[in-house]
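# Observations on chain architecture
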Amino acid sequence: PAGKGFEYCYGIIRGDTRQWEPAILEKSRPIEPPHNAKDYFFEKDMADHCIDRIRLLHAVAPNKPFLAYYAPGTAHAPHHAPKDWIAKFKGKFDQGWDKQREETFARQKQMGIIPQDTKLTKRSEGIGAWDELDADHKKVYSHMMEVYAAALSYADTQMGRVLDAIEEMGELDNT
């Protein structure tokens, strides 16, 4: 968003960055992340900056509308999450991606997200059947799914903090 009409930008320069020491862009210039900060994680930092910015804009001009373009890089590789968040998903994907696809698909039908007559697509070409993997590969891929789920869950929580801040200002229904 820097140089594209936004007044302020705080984000990562590219998607494939580390959450602990990311390549950060503030306004239109690169800045150094906090090095060796014990609990630093970019998703939280970005939410903190967004909340601070929204509160500032609201305090200065409470009747002026604002736009906050909040775009976490979580889904980009490499996938990172705090260790305690990864631990929450330990073992949740040990059944493998084929079973996970079937469970997710059934749940989406049950919730009415997809029509009842929808058919599950074939597994993507180049991705083998879970049951054909050896134990070591299953362990690695299960952990990769745990990390990805933790990263998305953590990012959702940070987005929730931003929404909570907007609600605290009494502006949630005015967005």
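This text goes with the structure placed above it.
Being a predicted model, the structure only gives us computed values, none of them experimental. (Residues numbered from 1 in each chain as written. Predicted model: local features only at pLDDT ≥ 70, side-chain atom pairs only at ≥ 80, totals over all residues. Heavy atoms only, no water.)

A full pass over the atoms with the stated rule returns six salt bridges. Between Arg 18 and Glu 21 there is a salt bridge; the shortest N-O distance is 3.7 Å. With a relative accessible area of 45%, Arg 18 lands in the partly exposed category. Here Asp 48 ties to Arg 161 by a salt bridge, and the two come within 2.4 Å at their closest N and O atoms. Taken together, the residues span a long stretch of sequence, with Asp 48 in helix α1 (residues 42–60) and Arg 161 in helix α4 (residues 135–168) at a distance of 113 residues. With relative accessibility at 26%, the residue Arg 161 sits in the partly exposed group. (Salt bridge = Lys/Arg side-chain N within 4 Å of Asp/Glu carboxyl O. Buried < 20%, exposed > 50% of the residue type's maximum accessible area, 1.4 Å probe, protein only. Helix = DSSP H or I, 4+ residues; strand = E, 2+ residues; numbered from the N terminus.)

Moving on to α4. In a regular helix each residue adds 1.5 Å, so 34 residues correspond to 50 Å; α4 covers 49 Å between its end C-alpha atoms and thus fits that length. Of the residues one or two after α4, Gly 170 is the one with positive phi, at around 80 degrees. (Expected span 1.5 Å × (residues − 1).)

Turning our eyes to something else, we now look at a nonpolar patch on the surface. On the surface, Phe 6, Leu 67 and Tyr 69 cluster together into a nonpolar patch covering about 360 Å² of accessible area. With respect to the helices, strands and loops of the structure, Leu 67 is situated in the loop between α1 and α2 (83–87). (Patch = residues over 30% accessible without salt bridge, like charges linked within 9 Å, V, L, I, M, F, W, Y side chains within 5 Å. Areas by Shrake-Rupley, 256 points an atom, 1.4 Å probe, with all protein chains shown as cover.)

Within the open sheet, the three strands sit side by side as β1-β2-β3. Their pairing is antiparallel. The open sheet has two edge strands, β1 (10–12) and β3 (29–31), and neither has a second partner. Here the average twist between neighbouring strands, direction ignored, is 40 degrees. Pairing geometry for strand β2 (residues 24–26) and β3, over three bridges, is antiparallel. Bridging from a neighbouring strand, Leu 25 pairs with Pro 30 of β3. Of the strands in this sheet, β1 and β2 touch α1, which is tilted by about 160 degrees from β1. (Pairing = 2+ DSSP bridges. Axes fitted to C-alpha atoms, helices over the stretch in contact; angles between N-to-C directions. Contact = heavy atoms within 4.5 Å.)

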